[in-house]
Amino acid sequence: MTDAAGLKRRTAELLAAHPPATTDRLDFLRARFDAGLAWVHYPEGLGGLGAPRSLQAVVDAELEAAGAPDNDPRRIGIGLGMAAPTILRYGTEEQKQRFLRPLWTGEEVWCQLFSEPGAGSDLAALGTRAVRDAGGDWVVNGQKVWTSSAHLARWAILIARTDPALPKHQGITYFLCDMTDPGVEVRPLRQITGEAEFNEVFLTDVRIPDSRRLGEIGDGWRVAQTTLMNERVSIGGMRLPREGGMIGRVAQTWRERPELRTHDLHQRLLGLWVEAEVARLTGERLRQQLVAGQPGPEGSGMKLAFARLNQEISGLEVELRGEEGLLYDDWTMRRPELVDFTGRDAGYRYLRSKGNSIEGGTSEVLLNIVAERVLGLPAEPRTDKDVAWKDLAR
Amino acid sequence: MSTTSTPSTEPDLLYSEEEEALRAAVRDLLTDHCDPAGVIARAESDAPHDLALWKSLADGMGMAGLLVPEDRGGQGATHREAAVVLEELGRAVAPVPYLTSAVVAAEALLACEGDVCAELLSRLASGRAIGVLAVGLHHAPGGFETVRQEDGLLHGTLTGVADAAVADVLLVPVRDGGLYAVDASEVTVTPQVSLDLTRPVATVTFTGARGRLLGDAGPAVRRALRAGAGLLASEQLGLADWTLAETVRYLKERKQFNRPVGGFQALKHRLAQLWLEVVGLRAAARNAADALARDEDADVAVAVAQAYAASVAVHAAEEALQLHGGIGMTWEHPVHLYLKRAKADSIAYGTAGAHREALARLVDLQAP
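Counting starts from 1 at the beginning of each chain's written sequence and moves along it residue by residue. As they are written, the chains are lettered A onward and the ligands numbered 1 onward, keeping that order. Per-residue local features are limited, in this predicted model, to residues with pLDDT of at least 70; the limit for side-chain atom pairs, both in listing and counting, is 80 or more; totals at the level of whole chains, interfaces and linings are taken over all residues. To obtain the side-chain values, all non-hydrogen atoms of the structure were included, while hydrogens and water were left out.

Under an unreviewed UniProt entry, chain B has the name Acyl-CoA dehydrogenase family protein and belongs to Streptomyces carpinensis. As stated in UniProt under Sequence similarities (unreviewed entry), the record for chain B gives "Belongs to the acyl-CoA dehydrogenase family." UniProt positions are given in the numbering used here, feature names are shortened, and annotations may be inferred rather than shown by experiment. Check the Cofactor (unreviewed entry) section of the UniProt entry for chain B; it says "FAD".

Going by the annotation in an unreviewed UniProt entry, the name recorded for chain A is Acyl-CoA dehydrogenase family protein, with Streptomyces carpinensis given as the source organism. What the UniProt record of chain A gives under Cofactor (unreviewed entry) is the line "FAD". Check the Sequence similarities (unreviewed entry) section of the UniProt entry for chain A; it says "Belongs to the acyl-CoA dehydrogenase family."

The next thing to look at is the overall build of chain A. Counting secondary structure elements, chain A contains eleven helices and eight strands. What you see for chain A is a C-alpha radius of gyration of 23 Å, in line with the 21 Å of a compact globule of 394 residues. Its C-alpha atoms give chain A principal-axis dimensions of roughly 70 × 60 × 45 Å. Relative accessibility under 20% of the residue-type maximum defines a buried residue, over 50% an exposed one, and the middle range a partly exposed one, all with a 1.4 Å probe and only protein chains included. Expressed as a percentage of its 394 residues, the buried residues of chain A come to 51%. Should any heavy atoms of two residues lie within 4.5 Å, those residues are counted as being in contact. Partitioning the intrachain contacts of chain A with sequence separation of at least 6 by distance along the chain shows that 69% fall at a separation of at least 24. For chain A, the computed accessible surface area is about 18000 Å², with 53% contributed by carbon and sulfur atoms. Both charge centroids of chain A, one from 50 positive and one from 56 negative side chains, sit 2 Å from each other. Secondary structure is summarised from DSSP: a helix means a run of H or I of at least four residues, a strand means a run of E of at least two, and numbering begins at the N terminus for each. Only C-alpha atoms enter the radius of gyration; for comparison, a globular chain is expected to reach 2.2 Å times N to the power 0.38, where N is the number of residues. To be clear on the numbers: accessible area is Shrake-Rupley with a 1.4 Å probe, and residue cover counts the displayed protein chains and nothing else. Neither His nor the chain termini are counted; the positive set is Lys and Arg, and the negative set is Asp and Glu. Here the site of a charge means NZ on Lys, CZ on Arg, CG on Asp, or CD on Glu.

What follows concerns the side chain of Gln-236 of chain B. By the element assignment, Gln-236 of chain B lies in helix α7 (residues 217–253). Judged by its relative accessible area of 0%, Gln-236 of chain B falls in the buried class.

With that out of the way, let us pick up the pattern of salt bridges. Pairing between side chains of opposite charge can happen when their charged atoms approach one another. Each salt bridge in this description consists of a side-chain nitrogen of Lys or Arg and a carboxyl oxygen of Asp or Glu lying within 4 Å of one another. Across all of its chains, the model carries 70 salt bridges over all chains by this definition. Close ionic contact of Glu-324 of chain A with Arg-257 of chain A constitutes a salt bridge, the shortest N to O distance being 2.7 Å. Of the two residues, Glu-324 of chain A is situated in the loop between α9 (299–320) and α10 (346–353) and Arg-257 of chain A in the loop between α7 (246–256) and α8 (263–291); the sequence distance between them amounts to 67 residues. Take Glu-324 of chain A: its relative accessible area is 35%, and that puts it in the partly exposed class. By relative accessible area, Arg-257 of chain A is classed as partly exposed at 23%. Each of Glu-20, Arg-23, Arg-27, Glu-87, Glu-88, Arg-91, Asp-241 and Arg-282 of chain B takes part in one network of salt bridges that share partners.

This part takes up the interface of chain A and chain B. Listed by partner, the interface residues are 46 residues for chain A and 46 residues for chain B. For the chain A and chain B pair, buried surface summed over both sides reaches about 4000 Å², with 68% attributable to carbon and sulfur atoms. Contact with chain B buries area across many residues of chain A, yet Arg-242, Arg-285 and Leu-375 of chain A alone supply 18% of it, more than any other trio. Our count for the contact surface shared by chain A and chain B stands at four salt bridges. Residues Arg-255 of chain A and Asp-364 of chain B are paired through a salt bridge, measuring 3.8 Å at the closest nitrogen-oxygen approach. In protein, a polar contact requires one atom able to donate a hydrogen and another able to accept it; more generally it is a pair of N or O atoms within 3.5 Å, and residues adjacent in sequence count only if both atoms are side-chain atoms. There are 16 residue pairs in polar contact (both at pLDDT 80 or more) connecting chain A and chain B. Every element with two or more residues in the side of chain A that touches chain B is listed here: α7, α8, α9 and α11 (363–374) of chain A. With 18 residues, the top contributor of residues to the side of chain A that touches chain B is α8 of chain A. Across the side of chain A that touches chain B, the residue classes break down as 20 nonpolar, twelve polar and 14 charged. Here the quantity called buried area is the total loss of accessible area, with a 1.4 Å probe, experienced by two parts when brought into contact, counted for both. Under this grouping Gly is polar, as are all residues other than the nonpolar Ala, Val, Leu, Ile, Met, Phe, Trp, Tyr, Cys and Pro and the charged Asp, Glu, Lys and Arg.

Attention shifts here to the domain arrangement of chain B. Residue and element names in this part refer to chain B. Throughout, the edges of the domains are those of an automatic or database domain assignment. In terms of domains, chain B is made up of domain 1 (2–99), domain 2 (133–216) and domain 3 (219–362). A separation of 24 Å is found between the C-alpha centroids of domain 1 and domain 2. Tallying the contact residues gives eleven residues for domain 1 and seven residues for domain 2. For the pairing of domain 1 and domain 2, the buried interface totals around 680 Å² over both sides, and the portion due to carbon and sulfur atoms is 70%. Taken together, the links from domain 1 to domain 2 amount to zero salt bridges. In the side of domain 1 that touches domain 2, the residues fall into ten nonpolar, one polar and no charged.

In terms of nonpolar packing, the biggest core is built from 99 residues, with Tyr-98, Leu-133, Leu-179 and Phe-206 of chain B touching the most fellow members. Per-element accounting of this core gives the leading share, eleven residues, to α7 of chain B. Look past the residues within four positions of Phe-206 of chain B in its chain and what remains in contact with it is Val-147, Leu-154, His-155, Gly-156, Leu-158, Val-172, Val-182 and Val-187 of chain B. The term nonpolar core refers to a set of buried residues drawn from Ala, Val, Leu, Ile, Met, Phe, Trp, Tyr and Cys, joined through side-chain atoms within 4.5 Å. Formed by 63 residues, the second largest nonpolar core is a distinct cluster that contains Trp-254 and Leu-320 of chain A together with Leu-323 and Leu-365 of chain B.

In the numbering used here, UniProt assigns the "domain: Acyl-CoA dehydrogenase/oxidase C-terminal" (unreviewed entry) feature to residues 221–361 of chain B. Note that residues 221–361 of chain B is 79% helix and 3% strand, and that its end C-alpha atoms are spaced 20 Å apart.

To continue, consider the UniProt feature "domain: Acyl-CoA dehydrogenase/oxidase N-terminal" (unreviewed entry) in chain A. Under the UniProt annotation, the feature "domain: Acyl-CoA dehydrogenase/oxidase N-terminal" (unreviewed entry) is placed at residues 27–107 of chain A. Between the C-alpha atoms that bound residues 27–107 of chain A the distance is 11 Å, and the span itself is 56% helix and 0% strand.

Residue and element names in this part refer to chain B. In this model, Asp-151 sits at a positive phi of 50 degrees, which is unusual for a non-glycine residue. In this fold, Asp-151 is placed in the loop between β2 (148–150) and β3 (153–162). Under the relative-accessibility criterion, Asp-151 is labelled exposed at 81%. The phi dihedral of Asp-364 falls on the positive side, at around 60 degrees, and the residue is not glycine. You can see Asp-364 is positioned in the segment after α11 (352–362).

Let us now look at the environment of Gly-106 of chain A. Residue and element names in this part refer to chain A. Looking at the element boundaries, Gly-106 is found in the loop between α5 (93–105) and β1 (110–113). We classify Gly-106 as buried; its relative accessible area is 9%. Between the C-alpha atoms of Gly-106 and Gly-77, which are 29 residues apart in sequence, the distance is 9.8 Å.

Here we come to the domain arrangement of chain A. All names here are of chain A. Split into domains, chain A comes out as domain 1 (4–105), domain 2 (110–217) and domain 3 (236–360). Here the C-alpha centre of domain 2 lies 28 Å away from the C-alpha centre of domain 1. Each partner contributes to the interface: domain 1 provides twelve residues, whereas domain 2 provides 13 residues. Where domain 1 abuts domain 2, roughly 1100 Å² becomes buried across the two surfaces, and 70% of that area is made up of carbon and sulfur atoms. Its largest share of buried area at the contact with domain 2, domain 1 owes to Ile-78, Gln-95 and Phe-99, together 45% of the area lost on that side. Where domain 1 meets domain 2, there are zero salt bridges.

Given below as structure tokens:
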């Protein structure tokens, strides 16, 4: 039974057999996975029951009420949101059995080795090479960048070039890379905020057995689309209360600190408050469309809107603070596990939000996507489409 | 602090199947009877309003009575449906007194009671009469001017009254605090040369006009202008949506430098940006219509919509003109009708700045 009642019954059985109060956290999470209650829309035997995705909320609510531990989803977001759906779709039976359970329980953290110093917006131009040796293993050399969690990760999803003589989209293959391989070197990448959320990853003669290839040789770009599509899905769909985003912090400061108020700041604050509320309503409308099963193209625009708003609002917040705006809370180099926009000062928010219009697709590329896919305007000229990767300008 | 919190029930920001059917019916009517060339020709004539179209819309289709309950002679629908009608009228810059009569005047009457009011309301709802609130179009909710009363007769002048030229009856705020119904035959209506050719304004002069008391002017006018401001956002949405779609269509066709002009990235980004604004306006306008229909969070929802809508509609019309190039600057091309409407709408029922000021009070973001 995979309706709501059936799921409640299964959840009750899990809780009876493994009382959260007396069960080790990891044991509980493993038992939950094996009971098919990890992600109910996944197949049976892989942590799910083939149930509608929307019913996950029923299970989560029951478990939360019972005080059961969760798998700390924010810490393992790349595994859950990007690696798992790609492995589920393209993995062999053996790969699915090996990787999905420890991925979901958080025993094995995943990271993503996609971007390179020479391949940002033009990701398909990537140059990390994977060459097959006589024994059938792949030997990987190259450099990846903007890799969050690389220093914590046990595994990585990796795309590398296996045939430089083909046009760039065709010569790429998708691998599951062991981050403990001696050829993998992880270096923190310090950002303008002072901390290092991300890493550079240097790959030197890293050996990957062919059994850890995901999908066909040369099909890596298509496989990567599943990963990237799920990245975008996980960005949208949140429900925000009024003043729920960054604007709430500024509004609070405005109310509590009348001595900081000026007429110029007042006008700008009201303008941004309106824009933030409109963006919130736009997100809510998108959510309602998804729930009603009529997804609109609006999702493509949400990231653009939020990137600009975060930057403008945090910029205003620094100014509003006047003399305090001249200060910064802490330049110490750290490696935070999570990005925390609210736990730090306005200066941090201002600097960190600069990345919002670059990470996960620059605003310039996203505007192209809106113009071409939503408005149907002509595509940018593609001079690289039929050229062998090795002959591209660089 | 309760005003800054999210309303207890989430607004319904989508369109129902019935609302889409309503949209299709209105769009069909406008496609057949309100083409751009006809609107331009009419705008230059002595009769800029299209009363034949109004009759089809108001009487034939029953659209004038959407906001009026069935037991008071209307259709018993809500602001959500009226908003959809206004989106379509905005797309066509249709020269009909829908916002002024079916929304603003009807709302003013809904705030009053008594026989005079009931009789007028049913005439407006059926489309048999056009009513206009005698308040300058530029007033935000809360603002209005009055005429004076001497020996029971009305004297004075009111200016900038939209659609007064076709009104059968005017709803007039009087210095004694009352709202009075005055037949058009009692007053002199003088059309003013208007920026907006499709919703012209007029001066109304009272020299001993007879009026019938309807109720208190203050609350009636406030309610009427709030609904007008909130639903104007839907008209602005329709206008912006049409100008964006038309500009995109044209730029796919228009070729310069041996390629479609719409393929230049500088223009693609501008149009994508505009699309984002229109998407935001759709959410804000839907929110305002839904809040008015449920009378929950309506003050904030209307102020947010009006603080946002004007810049989008004006931007859309200005981009349409610029990106059409020389043809956009001609009288022959309809884009000027949209620009004029959009710019006038940015003043109608209060500027964005006036609505931001209202928000400062509503959500406790006080001025220094």
